[in-house]
Every structure is written in C-alpha cells, then in structure tokens.
Amino acid sequence: MSVLLPNMADFDTIYELDEEEERVVSEEHLARYCPEPVIMRGAGHITVFGLSNKFDTEFPSVLTGKVAPEEFKTTVGRVNACLKKNLPVNVKWLLCGCLCCCCTVGCSLWPVICLNKRTRRSIQKLLEWENNRLYHKLGLHWKLSKRKCESSNMMEYVILIEFLPKYPIFRPD
C-alpha cells in the first residue's frame, strides 16, 4: 500500500501572494461581515427635487452600542438646521419659477436647481465634517444618497449610515 506524500523539498517553502489577490480576498471577507447600512428617509411635509425639509431624530435601535443617542440627535439636528435655513428660500424660488415658466421657456427654474444643489453640497460637507470629527473613529460613515422611492418611481435623498469594516490588526504582513 503506497501513500502519495507531497514532495518534502517543497514542504518548508514560503510562497508570496500577489498584493492584489490578497486585498480582494480581504475586502470581500470584510464586506461580508458588515451589517446592512441604516437608511434614514426624510420625515418632512415639503420635498423640493427629492430633498425633504427634515429628517427624523428618532434613534435607530441598530446603532445601539455604536454611537450615543445624544450625538446622533445632535448630528441630525445640524442637518435639519441646514435644511430649515435653505429650503424655504428654495420653495419661494420654485413658486416664482413655476409662475414665470411659460414666459421664460423654463429658464426661471434654474435658480431653484442651483439652490437645491448648494443645499445638498452643504449637507454633504456637514456630514463629512461629522465623519472626520467623530463617526469614522466609531466605525460609521454618514452620507447623503439618492434612492428610488418605495411607493413610486420618484427619486429621494436619504441619509445613509454605513458600517465601516474592521481591519484585522494582528494579520501578519
């Protein structure tokens, strides 16, 4: 009875993996163990081009143990303050643009589009500041994302709270 044994000369040989293959395997491995992101939809009664006038400050139970409820409410409060400051101006320009739309062949809606884009950018900058200040240290990433509404074909902006993967620090080089 003969048993095939591997070549004993290759037994102690150390093979190097390509860095790309190692990175792909580790990223897939890490992404598999990250929980699903938390989606915060707009809770306001006015929506201008998919951007609601406020977000709900109710603390999601998924974030328990990840972030303090006070920090969560402070961040959402800052986003809501930015929306409260900018959205009424956008609504006024939208009404004015709709009234003058026939005379200007639609060009009167450009100020509303530009103001809405400026509001989105200010919220994105605010969320990036919050991420750098606190949330990246806690393993979270907040961002403003465009999603399709569940009830219709319309698009809406939501706050997406993603969980950052934890990198193994004890993995050998």
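For every chain, the first residue of the written sequence is number 1, and numbering continues from 1 along that sequence. Owing to the predicted nature of the model, reporting of local features is limited to residues with pLDDT of at least 70; listing and counting of side-chain atom pairs is limited to 80 or more, with chain, interface and lining totals taken over all residues. Each side-chain value is derived from all of the structure's non-hydrogen atoms; neither hydrogens nor water enter the calculation.

- Per an unreviewed UniProt entry, the recorded name for the protein chain is Golgin subfamily A member 7/ERF4 domain-containing protein, and the organism is Anguilla anguilla.
- UniProt positions are given in the numbering used here, feature names are shortened, and annotations may be inferred rather than shown by experiment. Turning to the protein chain, the UniProt annotation filed under Subcellular location (unreviewed entry) states: "Membrane".

Observations concerning the nonpolar core
Most often, soluble globular proteins keep nonpolar side chains buried together rather than apart.
Part 1: Nonpolar core, defined: a set of buried Ala, Val, Leu, Ile, Met, Phe, Trp, Tyr and Cys residues in which side-chain atoms within 4.5 Å join the residues together. The rule is simple: take the accessible area with a 1.4 Å probe, protein chains only, and divide by the maximum for that residue type; under 20% is buried, over 50% is exposed, in between is partly exposed. Membership of the largest hydrophobic core comes to 23 residues, with the highest contact counts inside it found for Leu63, Val79, Ile123, Trp142, Ile159 and Ile161.
Part 2: Helical segments are the DSSP runs of H or I of at least four residues, strand segments are the runs of E of at least two, and each set is numbered from the N terminus. Among the secondary structure elements, those contributing two or more residues to this core are strand E1 (38–40), helix H2 (69–99), helix H4 (110–135), strand E4 (140–148) and strand E5 (155–163).
Part 3: Beyond its immediate stretch of four places on either side in the chain, Trp142 contacts Phe72, Thr75, Val76, Leu127, Asn131, Tyr135, Ile159, Leu160 and Ile161. Residue contacts follow a heavy-atom distance rule, with two residues in contact if any of their heavy atoms lie within 4.5 Å.

A few points about H2
Part 1: For H2, spanning 31 residues, the distance from its first C-alpha to its last is 44 Å, which sits close to the expected 45 Å at 1.5 Å a residue.
Part 2: At Asn86, H2 shows its strongest bend, of approximately 30 degrees, with the proline Pro88 following within four residues.
Part 3: Those residues of H2 not exposed but buried are Phe72, Thr75, Val76, Val79, Asn80, Cys82, Leu83, Asn86, Leu87, Asn90 and Gly97. Here, expected helix span is obtained from the residue count minus one, scaled by 1.5 Å. Fitting axes to the seven residues ending at a residue and to the seven starting there, one defines the bend at that residue as the angle between these axes.

Focus: the side chain of His141
Part 1: If you trace the backbone, His141 turns up in strand E4.
Part 2: A relative accessible area of 15% places His141 in the buried class.
Part 3: A polar side-chain atom of His141 sits 3.4 Å from a polar atom in the side chain of Asn131.
Part 4: Pairing of N or O atoms within 3.5 Å defines a polar contact, subject to two protein rules: one partner must be a possible hydrogen donor and the other a possible acceptor, and residues neighboring in sequence count only if both atoms are side-chain atoms. Within the structure, the side chain of His141 is placed 2.8 Å from the side chain of His136, a separation counted as a polar contact.
Part 5: Those residues within four positions of His141 in sequence are excluded, and the remaining contacts are Glu128, Asn131, His136, Leu160, Ile161, Glu162 and Leu164.

Digging into the packing of aromatic side chains
Part 1: Two aromatic rings, drawn from Phe, Tyr or Trp (for Trp, its six-membered ring), form a pair once their centres lie within 6.5 Å of each other, and the interplanar angle then sorts them: stacked below 30 degrees, edge-to-face above 60, tilted otherwise. Summed over the entire model, instances satisfying the criterion amount to 3 aromatic pairs.
Part 2: With a centroid separation of 5.5 Å and 85 degrees between ring planes, the pair formed by Phe59 and Phe72 is classed as edge-to-face. One end of the pair, Phe59, is in the loop between strand E3 (51–52) and H2; the other, Phe72, is in helix H2, and 13 residues separate them in sequence.
Part 3: In this structure an aromatic cluster arises from ring pairing among Phe59, Phe72, Tyr135 and Trp142.

Considering the pairing of E5
Part 1: For E5, the buried fraction is high: 7 of the 9 residues fall into the buried class.
Part 2: In this sheet, E5 lies alongside E1 in antiparallel orientation, the contact comprising 3 bridges. Within E5, the residue paired with Met40 across the bridge is Ile159.
Part 3: When DSSP locates at least two bridges between a pair of strands, those strands are taken to pair. With 9 bridges connecting them, E4 and E5 associate as antiparallel partners. Bridging from a neighbouring strand, Leu140 pairs with Phe163 of E5.
Part 4: Connecting the antiparallel pair E4 and E5 is a turn made up of 6 residues.

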